[in-house]
Amino acid sequence: MKTTETIKVVPARYPLRTAGAIVALFVLATLVQSVAFNPRWEWGVFARWFFDPVIVSGLGQTLLLTLIGTLLSIVFGGLLALARLSSSWLLNSLAWGYIWLFRSLPLIVVLIILYNFSYLYDTLAIGIPFTGVQWGNFATINVLGQFSTAVVGLTLVQSAYTAEIIRGGFLGVDHGQYEAAAALGLPAWRRTLRIILPQALRTILPAGFNEIISLAKGTAMVYVLAMPELFYTIQMIYNRTQEVIPLLMVGAVWYLVITSVLSFIQHLVERALARSERRSAINTARVSRAEKRRRQISPQETVHVPLA
């Protein structure tokens, strides 16, 4: 006579994980209580200034600097990355020197030097070096204002980091891909844009968005130019009202909003890229299976040999 045994399934228990979760919730509740119910944070002042037109105007300047700095650094950094990957020792050396210099200098130093550029050089001339031949000159005081100095400074520094990110992405592509692309007989620019770049983007995007987020926060450094971006605007207000903490919290929350939006855009771009790669892999597998099936099903042709 067969006996049936009942197997009792006991779920796994993780007491340390449960204890850690309880401690984390306790710390979080303590922090929320200390921040939300402490009157010295002055949340009423925070609410009054958060959407103030002056603050929103400074926020617009920050976003504009971030956008222009990002676009210019991608273009200039891409050219630097191509120069670093070039077989020309001169281009490689010049690009390496630029990246070494501007990755070594703090952003605030670059901004201050550019802001005092008119003291160092009265005019900017276009001509042949070491000769008297000139095709035009411009007074530097009319060329580099507050906004243009901020854009140039942010672009110069950010391009050095962007170049290394792009170069790392290209180096991460398997060398066989370069050989296969060259075997197709495509022009170099088309091989780079259509075959190599889409594969390099998997490495470039995460680090690239991190640099964009760093650039958005780095725009706070242009306060040394007395330019009314977000941080400088907040600084001027709390110097007048002495409401330091709530106004700093206004800036902190706006920076959190900016970085959160950029992180969400990064997530969407990476998901779209992954979906595109999945679809490409599925289509390739389908084509290979169909080709294999066609070869198996197609009957061998009958060969008729005439008899003598």
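These notes cover the structure that comes with them. Since the structure is predicted, the reported quantities are computational estimates derived from the model, not experimental observations.

Conventions adopted
Going along each chain's sequence as written, the residues are numbered from 1 onward. Two thresholds apply to this predicted model, a pLDDT of at least 70 for residue-level local features and 80 or more for giving and counting side-chain atom pairs, whereas whole-chain, interface and lining totals are computed over all residues. Side-chain descriptors were evaluated using all non-hydrogen atoms of the structure, hydrogens and water having been removed beforehand. Cavities and pockets were defined on a 1 Å grid built from protein atoms only: a cavity is a group of points that admits a 1.4 Å probe but offers it no way out, a pocket is an open group of points flanked by protein on both sides within 12 Å along at least five of seven lines, and a lining residue is one with an atom within 4 Å of any such point. Grid points are joined across faces, edges and corners, and a volume is the space filled by probe spheres set on the points. Strands are runs of DSSP state E lasting at least 2 residues, helices are runs of H or I lasting at least 4, and numbering of each runs from the N terminus. Note that Gly is not counted as nonpolar here; it falls among the polar residues with everything else outside the nonpolar set of Ala, Val, Leu, Ile, Met, Phe, Trp, Tyr, Cys and Pro and the charged set of Asp, Glu, Lys and Arg. Axis lines are fitted to C-alpha atoms, over the contacting stretch for helices. Their N-to-C directions set the angle, which ranges from 0 to 180 degrees. Should an angle fall under 35 degrees it is taken as roughly parallel, and over 145 as roughly antiparallel, whereas 65 to 115 is taken as roughly perpendicular and any remaining angle as oblique. Should the near helix be turned anticlockwise from the far one by less than a right angle, the crossing is termed left-handed; should it be turned clockwise, right-handed. We call two residues contacting when some pair of their heavy atoms lies within 4.5 Å. Three exposure classes are used, based on accessible area relative to the maximum for each residue type with a 1.4 Å probe and protein chains only: buried under 20%, partly exposed in between, and exposed over 50%. The rule is short: rings of Phe, Tyr and Trp, with Trp giving its six-membered ring, pair when the centres are within 6.5 Å, and they are stacked under 30 degrees, edge-to-face over 60, tilted in between. The span you would expect from a helix comes to 1.5 Å times its residue count less one. Two N or O atoms count as a polar contact when they lie within 3.5 Å, although within protein this holds only if one can serve as hydrogen donor and the other as acceptor, and sequence-adjacent residues are included solely when both atoms are side-chain atoms. Strands are labelled as partners when DSSP assigns at least two bridges between them.

## Side note on the layout of surface pockets
Estimated volume of the largest pocket: approximately 530 Å³. Within the residue set of the lining of the largest pocket, elements represented by two or more residues are helix H3 (53–85), helix H8 (146–171) and helix H10 (188–218). With eleven residues, the single largest contributor to the lining of the largest pocket is H10. The residue inventory of the lining of the largest pocket, partitioned by class, reads 14 nonpolar, seven polar and one charged. Size it by volume and the second largest pocket reaches roughly 280 Å³.

## Let's talk about the packing of helix H5 (residues 107–115) against H8
Geometrically, a packed helix pair is captured by the angle between its two axes and the distance between the axes. Put simply, H5 and H8 touch, their axes get as near as 9 Å, and they point 140° apart. Judged by the inter-axis angle, H5 sits oblique to H8. Where H5 crosses over H8, the two elements pack in a sense that is right-handed. In this structure, H5 contributes Leu-107, Val-110, Leu-111, Leu-114 and Tyr-115 to the contact, and H8 contributes Gln-146, Thr-149, Ala-150, Val-152, Gly-153, Leu-154, Leu-156 and Val-157. A class-by-class count of the residues in the contact of H5 with H8 yields ten nonpolar, three polar and no charged.

## Digging into the environment of Ser-260
With respect to the helices, strands and loops of the structure, Ser-260 is situated in helix H12 (residues 244–297). Ser-260 gets classed as partly exposed once you look at its relative accessible area, which sits at 46%. Spatially, the C-alpha atom of Ser-260 lies 9.2 Å from that of Ile-213, the residues being 47 residues apart in sequence.

## Regarding the packing of aromatic side chains
One pass over the full model with this rule turns up eleven aromatic pairs. Centre to centre, the rings of Phe-76 and Tyr-98 are 5.4 Å apart; their planes meet at 80°, and the pair counts as edge-to-face. One end of the pair, Phe-76, is in helix H3; the other, Tyr-98, is in helix H4 (residues 89–104), with 22 residues separating them in the sequence. Overall, the relative accessible area of 32% leaves Phe-76 in the partly exposed class. Relative to Tyr-121, the ring of Phe-117 has its centre 5.1 Å away and its plane inclined at 40°; by these criteria the two rings are tilted. A residue is classified by how much of its surface remains accessible, and Tyr-121, at 47% relative accessible area, is partly exposed.

## Things to note about the side chain of Gln-266
On the secondary structure map, Gln-266 appears in helix H12. A residue is classified by how much of its surface remains accessible, and Gln-266, at 14% relative accessible area, is buried. Among residues more than four places away in sequence, those in contact with Gln-266 are Pro-206 and Phe-209.

## Re H3
Between its first and last C-alpha atoms H3 spans 47 Å; for 33 residues at 1.5 Å apiece the expected length is 48 Å, and the two agree. The distance from a side-chain oxygen at the start of H3 to the backbone nitrogen of Val-54 is 3.0 Å, and the residue carrying that oxygen is Asp-52.

## Overview of the environment of Tyr-255
Summarising the element assignment, Tyr-255 is placed in helix H12. The exposure class assigned to Tyr-255 is buried, which follows from its relative accessible area of 15%. Distance in space between the C-alpha atoms of Tyr-255 and Phe-231 is 9.7 Å, their sequence separation being 24 residues. Residue contacts for Tyr-255: discarding those within four places in its chain leaves Thr-62, Ala-216, Lys-217, Thr-219, Ala-220, Glu-229, Leu-230 and Phe-231.

## Observations regarding the pairing of strand S1 (residues 123–127)
In the sheet, S1 pairs with strand S2 (residues 134–139) via five bridges, with the strands oriented antiparallel. Note on S2: the bridge partner recorded for Thr-123 is Ala-139. Between the end of S1 and the start of S2, which pair antiparallel, lie six residues, with Phe-130 showing a positive phi angle near 65°.

From the geometry alone we can't say anything about function, so treat these as descriptive.
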